[in-house]
Amino acid sequence: MAAFHFELVSPEKLLFTGNVEAVGVPGSDGDFTVMKDHAPVMTTMRPGIVDVNESGSKSLRLFVRGGFADVSSKGLTILAEQAIPLDQLKAEDVAKEIKNAEEDLADASTEDARAKAQERLDQMRELRAALGV
Amino acid sequence: MASLKDLRTRISSVKATQKITKAMQMVAAAKLRRAQSAAEAARPYSERMGAVLANVAGGMKGGGPALLAGNGKDQVHLLVVCTAERGLCGAFNSSIVRLARERINALQAQGKTVKILCVGKKGWDQLRRQYSSQIIDLIDLRAVRQLAFTDADIIAKKIIALFEAGEFDVATLFFSRFRSVIAQIPTAQQLIPAQIEGGAATASAYEYEPGEDEILATLLPRNISVQVFRALLENAASEQGARMSSMDNATRNAGEMIKKQTIVYNRTRQAQITKELIEIISGAEAL
């Protein structure tokens, strides 16, 4: 399988750079997988898991807390709000995120904010279910 | 003529000061290393962010949202002045303030209204003497040990909220860019309307998910947070660099002072011994 360039950056640091075969991205409108010569796309991401397939059997899974994914002819760039490798992600972190989301929902004053908070809470719950923690 | 005792206390007090400046220099050097690596680690994100933004904005038809294109006016200017929380770092704070002050005076000469948002106490101290009525707020980062993105996010949210409330038309960020330990460059950077680095890139045939407007609506506030974050990190590195070199100077000056004072002390002591000897000899001769 052909490789392409992939970069994962968070505001604090550059987490990953190199050639990979495929990356699964949790887009806000649905998951998609980027492979070589993917059509240029720019999308926002929901909290979820980025699945990086390096070469052959090597793979890396990271939790991202939303952000942007940018697919161009040069490759894929993910600008994550926050990214944590899955093996370093603790159940408490997820629980804390869910609690935050619940509080946001309770605090939301406008219809718009409420819908946004609800969406976020659903996404986090979904994530917890997927992780099985 | 100072007595021997006076000279001794003077020397020991300079020695004590030298110890303090030496310690501060070493602390600053250690902190500088950390601040520098943090600033370097944050660079890729802001670079990619700029590239992505240029890409999206390049493909935009028409003006785009207010954060990008401005609200069509430039009457009220907001200056976000980022300085340190502590002094004793050479001309670091005053050079940022000087740049801001020049801008304020230039803007006021043009008849514009100026509002100031201070980040860091030292800049506020210096600016409030002259422009206390124009300062709208002071953001204190004293409690922050390790600068995190959330700190910048809070400041950016505040700026955006002010913009949306129509409090100002143009926002400019003042901070010090870190070049090296001896060179920090005070810089002014326009935040709102967003400045696209490298001009409008060639619009590639992008697909946007969800839509172009929605992406820009999340991307632009994010970009402001990133810019503020970068400014704060650069500032932190510059501050430590400035402190390190100014404390190095202070230590060296103290060393010179000790050397001079020691010579004076030795001379005085010798003069006194000679005087005593003469007294004894002339006393013996008189017998």
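Located above this text is the structure these notes cover.
Just so we're clear, the structure is a prediction, and the values are computed from it rather than from any experiment.

**Examining the overall build of chain B**
Step number 1: The secondary structure content of chain B amounts to six helices and six strands.
Step number 2: When its helices and strands are written in sequence order, chain B yields α-α-β-α-β-α-β-α-β-β-β-α.
Step number 3: Over its C-alpha atoms chain B spans a radius of gyration of 28 Å, topping by over 25% the 19 Å that the globule rule assigns to 287 residues.
Step number 4: Summarising its shape, the C-alpha atoms of chain B cover approximately 115 × 40 × 30 Å along the three principal directions.
Step number 5: Taking as baseline every contact in chain B between residues at least 6 positions apart, the subset at least 24 positions apart corresponds to 76%.
Step number 6: Of the roughly 14,900 Å² of accessible surface on chain B, a fraction of 54% belongs to carbon and sulfur atoms.
Step number 7: Distance between charge centroids for chain B: 10 Å, based on 38 positive and 27 negative side chains.

**Points about the sheet that holds strand 4 (residues 170-178) of chain B**
Pairing between the strands of a sheet comes from backbone hydrogen bonds, and it takes one of two forms, parallel or antiparallel.
Residues and elements named next belong to chain B.
Step number 1: Pairing is mixed across the open sheet formed by five strands, whose spatial order is 3-2-1-4-5. Two strands close off the open sheet at either side, each with one partner strand: strand 3 (135-139) and strand 5 (184-192). Direction aside, the axes of adjacent strands within the sheet are offset by 20° on average.
Step number 2: Across the sheet, helix 4 (residues 121-131) touches strand 1 (76-82), strand 2 (113-119) and strand 3, and the angle it forms with strand 3 is around 165°.
Step number 3: Sitting on the sheet, helix 6 (residues 212-286) is in contact with strand 1, strand 2, strand 4 and strand 5, with an inclination near 35° to strand 4.

**A few points about the nonpolar core**
Step number 1: Counting residues in hydrophobic clusters, the biggest one holds 50 residues, and the most contacted among them are Met-42 of chain A together with Ile-159, Phe-168 and Ile-192 of chain B.
Step number 2: The set of elements that each furnish at least two residues to this core consists of helix 1 (4-59), helix 2 (66-69), strand 1, strand 2, helix 5 (149-164), strand 4, strand 5 and helix 6 of chain B.
Step number 3: A per-element tally of this core places helix 6 of chain B first, with 11 residues.
Step number 4: Residues contacting Met-42 of chain A, with those up to four places away along its chain left out, are Phe-68, Ala-69 and Asp-70 of chain A together with Val-52, Val-56, Tyr-206, Glu-207, Tyr-208, Glu-209, Ile-215 and Leu-219 of chain B.

**Some words on the state of the cysteines**
Covalent bonding between the sulfur atoms of two cysteines defines a disulfide.
Residue and element names in this part refer to chain B.
Step number 1: For the coordinates displayed, the defined rule picks out zero disulfides over all chains.
Step number 2: There is no disulfide at Cys-89, and the cysteine sulfur nearest it, in Cys-82, is 14 Å away.
Step number 3: Note on Cys-89: relative accessible area 2%, which makes it buried.

**Regarding the pairing of strand 6 (residues 48-53) of chain A**
Residue and element names in this part refer to chain A.
Step number 1: When strand 3 (residues 22-27) meets strand 6, the two strands line up antiparallel, connected through three bridges. Bridging from a neighbouring strand, Val-23 pairs with Val-52 of strand 6.
Step number 2: Judged from the six bridges that link them, strand 6 and strand 7 (residues 59-64) form a sheet pairing that is antiparallel. Bridge assignment links Val-50 to a residue of strand 7, and that residue is Leu-62.
Step number 3: What sits between the antiparallel neighbours strand 6 and strand 7 is a turn of five residues, in which Gly-56 has the positive phi angle 60°.

**Digging into the packing of helix 5 of chain B against helix 6 of chain B**
All names here are of chain B.
Step number 1: Where helix 5 contacts helix 6, the axes come no closer than 8 Å and their chain directions differ by 125°. In terms of orientation, helix 5 and helix 6 fall into the oblique class. Handedness of the crossing formed by helix 5 with helix 6: right-handed. Taken together, the residues of helix 6 that come into contact with helix 5 (itself represented by Phe-149, Ala-152, Asp-153, Ile-155, Ala-156, Ile-159 and Ile-160) are Pro-221, Arg-222, Ile-224, Ser-225, Val-226, Val-228, Phe-229 and Leu-232.

**A look at the pairing of strand 1 of chain B**
Residues and elements named next belong to chain B.
Step number 1: Across the seven residues of strand 1, seven count as buried, placing the element largely inside the fold.
Step number 2: Here strand 1 shows a buried face lined by Val-76, Leu-78, Val-80 and Cys-82 and a second buried face lined by His-77, Leu-79 and Val-81.
Step number 3: In terms of strand pairing, strand 1 meets strand 2 through seven bridges, oriented parallel. Bridge assignment links Cys-82 to a residue of strand 2, and that residue is Val-119.
Step number 4: By the bridge criterion, five bridges tie strand 1 to strand 4 in an arrangement that is parallel. Within strand 4, the position partnered with Leu-79 by the bridge is Thr-172.

**Side note on the interface of chain A and chain B**
Step number 1: Counting residues at the interface gives 22 residues for chain A and 21 residues for chain B.
Step number 2: Between chain A and chain B, a total of about 2,000 Å² is buried, with carbon and sulfur atoms accounting for 64% of that surface.
Step number 3: Counting every contact that joins chain A to chain B gives one salt bridge.
Step number 4: Between Glu-7 of chain A and Arg-48 of chain B there is a salt bridge, and its shortest N-O distance comes to 2.4 Å.
Step number 5: The interface formed by chain A and chain B includes four residue pairs in polar contact (both at pLDDT 80 or more).
Step number 6: Secondary structure elements with two or more residues in the side of chain A that touches chain B: strand 1 (4-9), strand 5 (41-45), strand 8 (67-72) and strand 9 (75-80) of chain A.
Step number 7: In this structure, strand 5 of chain A lies alongside strand 6 (residues 207-209) of chain B, joined through three bridges in parallel fashion. Across the sheet, Met-42 of chain A pairs through a bridge with Tyr-208 of chain B, a residue of strand 6 of chain B.

Thresholds, definitions, all that
Residues numbered from 1 in each chain as written. Chains lettered and ligands numbered in written order. Predicted model: local features only at pLDDT ≥ 70, side-chain atom pairs only at ≥ 80, totals over all residues. Heavy atoms only, no water. Helix = DSSP H or I, 4+ residues; strand = E, 2+ residues; numbered from the N terminus. Rg over C-alpha atoms; globule rule 2.2 N^0.38 Å. Contact = heavy atoms within 4.5 Å. Areas by Shrake-Rupley, 256 points an atom, 1.4 Å probe, with all protein chains shown as cover. Lys, Arg positive; Asp, Glu negative; His and termini not counted. Charge placed at Lys NZ, Arg CZ, Asp CG, Glu CD. Pairing = 2+ DSSP bridges. Axes fitted to C-alpha atoms, helices over the stretch in contact; angles between N-to-C directions. Core = buried A, V, L, I, M, F, W, Y, C linked by side-chain atoms within 4.5 Å. Buried < 20%, exposed > 50% of the residue type's maximum accessible area, 1.4 Å probe, protein only. Disulfide = S-S within 2.5 Å. Parallel < 35°, antiparallel > 145°, perpendicular 65-115°, else oblique. Left-handed = near helix turned anticlockwise from the far one by under 90°. Buried area = accessible area lost by both parts, 1.4 Å probe. Salt bridge = Lys/Arg side-chain N within 4 Å of Asp/Glu carboxyl O. Polar contact = N/O pair within 3.5 Å; in protein donor to acceptor, adjacent residues only side chain to side chain.

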